[in-house]
Amino acid sequence: MRIILLGPPGSGKGTQAQLLVQRYGIVQLSTGEMLRAAVAAGTPVGLKAKEIMASGGLVPDDVVVGIISDRIDQPDAKHGFILDGFPRTVPQAEALDELLKHKHMKLDAVIELRVNESALLSRVETRVAQMRERGEEVRLDDTPEVLTKRLASYRSQTEPLIHYYSERRKLSTIDGMMAIDEVTRAIHRQLLALGAVEPKTHRKTHARSAAKAAPAKKAAKKVKAAKKPAKVAKKAAKPAKSAKKAVKGPKKAAKKAVKKGAKKTAKKAVKKGAKKAAKKVTKKRAKR
């Protein structure tokens, strides 16, 4: 796999690059490290770069591309690579395309880690404040002011690459604000869809991890299975309670009916008694 990771400073490109290196057995190519290595090795391109840097100038794109060309020819890059810090501009992307075409290679994927810039600035501000509270020294390049400048540079120079690679159907965008492991899984799914193959050693490690996790999953399933009868019993108990309530209902109705009947009978008896007494009084008066 030959991959480019795109994203503003603080988006987690370095972290994800290291995880991809471990998973796929590919190498991470940093332009800064490659330049220093070429200068130390004294290669023709390295000597040219050394001369330019010594005079305080910026190393031109053709020299950087020459250093990348030498580096990807080395044995450890035969399984693929992740480019870190290159390309930064559309002309650099075009030069890289020409280089890969000349070497009969193709770029497999460009992964953009999209993030919220205001959230990034907030993170840096919080981190700096915490470091100062602990009395730790804050790096000059790790402040909100520096990050603001770097973000502005990214928007003006590097962000156009999103459109460039989107037009060539190479771009995949992933939410970089997710947790690190979630971002890693999203990148992995995307690469698998593009045909990425993990080395056998990593597949074995992954299989062992899955095997270790299996007993825990089985135990969890057993616990769930044990809980089910209890739930069923609770559900079964509910109709019984409803039945008791239903039985209580008729009993209450019967009691009420008995009370009402007794009251009516008593009233009737009182009325009859009163009538009989009145009749007797009337008869006695009539005899007199």
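Residues numbered from 1 in each chain as written. Predicted model: local features only at pLDDT ≥ 70, side-chain atom pairs only at ≥ 80, totals over all residues. Heavy atoms only, no water.

Caption draft 1: How the structure looks around the overall build of the protein. A count of helical and extended segments in the protein gives ten helices and five strands. Put simply, the protein has 288 residues, and 30% of those count as buried. As displayed, the protein has an accessible area near 20,000 Å², and 57% of this comes from carbon and sulfur atoms. (Helix = DSSP H or I, 4+ residues; strand = E, 2+ residues; numbered from the N terminus. Buried < 20%, exposed > 50% of the residue type's maximum accessible area, 1.4 Å probe, protein only. Areas by Shrake-Rupley, 256 points an atom, 1.4 Å probe, with all protein chains shown as cover.)

Caption draft 2: Representation of the UniProt feature "binding site: ATP" (unreviewed entry) in the protein within the structure. UniProt feature "binding site: ATP" (unreviewed entry): in the numbering of this structure it lies at Gly-10, Ser-11, Gly-12, Lys-13, Gly-14, Thr-15, Arg-134 and Met-178. Of the annotated positions mentioned, Gly-10, Ser-11, Gly-12, Lys-13 and Gly-14 line the largest pocket. Mapped onto the fold, Gly-10 is located in the loop between strand S1 (2-6) and helix H1 (13-24). Those residues within four positions of Gly-10 in sequence are excluded, and the remaining contacts are Leu-120 and Arg-123. Relative to the elements of secondary structure, Gly-14 occurs in helix H1. (UniProt positions renumbered as here; feature names shortened; annotations may be inferred. 1 Å grid on protein atoms, 1.4 Å probe; cavity = no way out; pocket = protein on both sides within 12 Å on 5 of 7 lines; lining within 4 Å. Contact = heavy atoms within 4.5 Å.)

Caption draft 3: Inspection of the UniProt feature "binding site: AMP" (unreviewed entry) in the protein at higher detail. Sites flagged by UniProt as "binding site: AMP" (unreviewed entry) map to Thr-31, Arg-36, Gly-57, Leu-58, Val-59, Gly-85, Phe-86, Pro-87, Arg-88, Gln-92, Arg-139 and Arg-150. Lining residues of the largest pocket drawn from the annotated set just named are Thr-31, Leu-58, Val-59, Gly-85, Phe-86, Pro-87, Arg-88, Gln-92, Arg-139 and Arg-150. Topologically, Leu-58 is positioned in the loop between helix H3 (44-54) and helix H4 (61-72). Residue placement: Val-59 occurs in the loop between H3 and H4.

Caption draft 4: Geometry of the pattern of salt bridges. Within the structure shown, the criterion is met by eight salt bridges. Lys-103 serves as the salt-bridge partner of Asp-73, at 2.8 Å between the closest nitrogen and oxygen. On the criterion of sequence distance, the pair formed by Asp-73 in the loop between H4 and strand S3 (81-84) and Lys-103 in the loop between helix H5 (90-102) and strand S4 (109-114) is long-range, its members being 30 residues apart. In this structure, Glu-117 engages Arg-155 in a salt bridge whose closest nitrogen and oxygen atoms are separated by 2.4 Å. On the criterion of sequence distance, the pair formed by Glu-117 in helix H6 (residues 117-133) and Arg-155 in helix H7 (residues 144-158) is long-range, its members being 38 residues apart. Judged by its relative accessible area of 24%, Glu-117 is partly exposed. (Salt bridge = Lys/Arg side-chain N within 4 Å of Asp/Glu carboxyl O.)

Caption draft 5: Structural context of the confidence of the model for the protein. Mean pLDDT for the protein: 79, with 68% of residues reaching 70 or above. Element-level pLDDT for the protein is lowest in helix H10 (residues 200-287), with a mean of 56, against a maximum mean of 96 in helix H8 (residues 160-167). (pLDDT = per-residue confidence, 0-100.)

Caption draft 6: Local environment of the side chain of Thr-31. Mapped onto the fold, Thr-31 is located in helix H2 (residues 31-41). Not counting residues up to four positions away in its chain, the partners in contact with Thr-31 are Val-64, Ile-68, Asp-84, Gly-85 and Phe-86.

Caption draft 7: Spatial organisation of unusual backbone geometry. Of note, the amide linkage connecting Phe-86 to Pro-87 takes the cis form, showing an omega dihedral of 0 degrees. Summarising the element assignment, Pro-87 is placed in the loop between S3 and H5. You will see that His-104, though not glycine, has its phi angle at about 60 degrees, which is positive. Tracing the chain through its elements places His-104 in the loop between H5 and S4.

Caption draft 8: Summary view of the side chain of Lys-103. Among the polar contacts made by the side chain of Lys-103, one reaches the side chain of Ser-69 at a distance of 3.2 Å. What Lys-103 contacts, discounting residues up to four positions off in sequence, is Ser-69, Ile-72 and Asp-73. (Polar contact = N/O pair within 3.5 Å; in protein donor to acceptor, adjacent residues only side chain to side chain.)

Caption draft 9: Quick look at the pairing of strand S5 (residues 171-175). The two faces of S5 differ: Ser-172 and Ile-174 on one face are buried, but Leu-171, Thr-173 and Asp-175 on the other face are not. Here S4 pairs with S5 via five bridges, running parallel. Directly across from Glu-112, in S5, lies its bridge partner Thr-173. (Pairing = 2+ DSSP bridges.)

Caption draft 10: Spotlight on the layout of surface pockets. Roughly 1,200 Å³ of internal volume is contained in the largest pocket. For the largest pocket, the lining is made up of 42 residues, of which Pro-9, Lys-13, Gly-85, Arg-88 and Arg-150 are closest to its centre. At the level of elements, S1, H1, strand S2 (27-30), H2, H4, S3, H6 and H7 are the ones that each hand at least two residues to the lining of the largest pocket. Per-element tally for the lining of the largest pocket: the top contributor is H7, with six residues. Residue composition of the lining of the largest pocket, by class: 17 nonpolar, 15 polar and ten charged. Looking at the second largest pocket, its volume works out to about 210 Å³. Lining the second largest pocket, in full, are Gln-28, Leu-29, Ser-30, Glu-33, Met-34, Ala-37, Ala-38, Thr-43, Ile-67, Asp-70, Arg-71 and Gln-74. Only S2, H2 and H4 provide two or more residues apiece to the lining of the second largest pocket. Of all the elements, H2 adds the most residues to the lining of the second largest pocket, at four residues. (Points joined across faces, edges and corners; volume = space filled by probe spheres on them. Nonpolar A, V, L, I, M, F, W, Y, C, P; charged D, E, K, R; others polar.)

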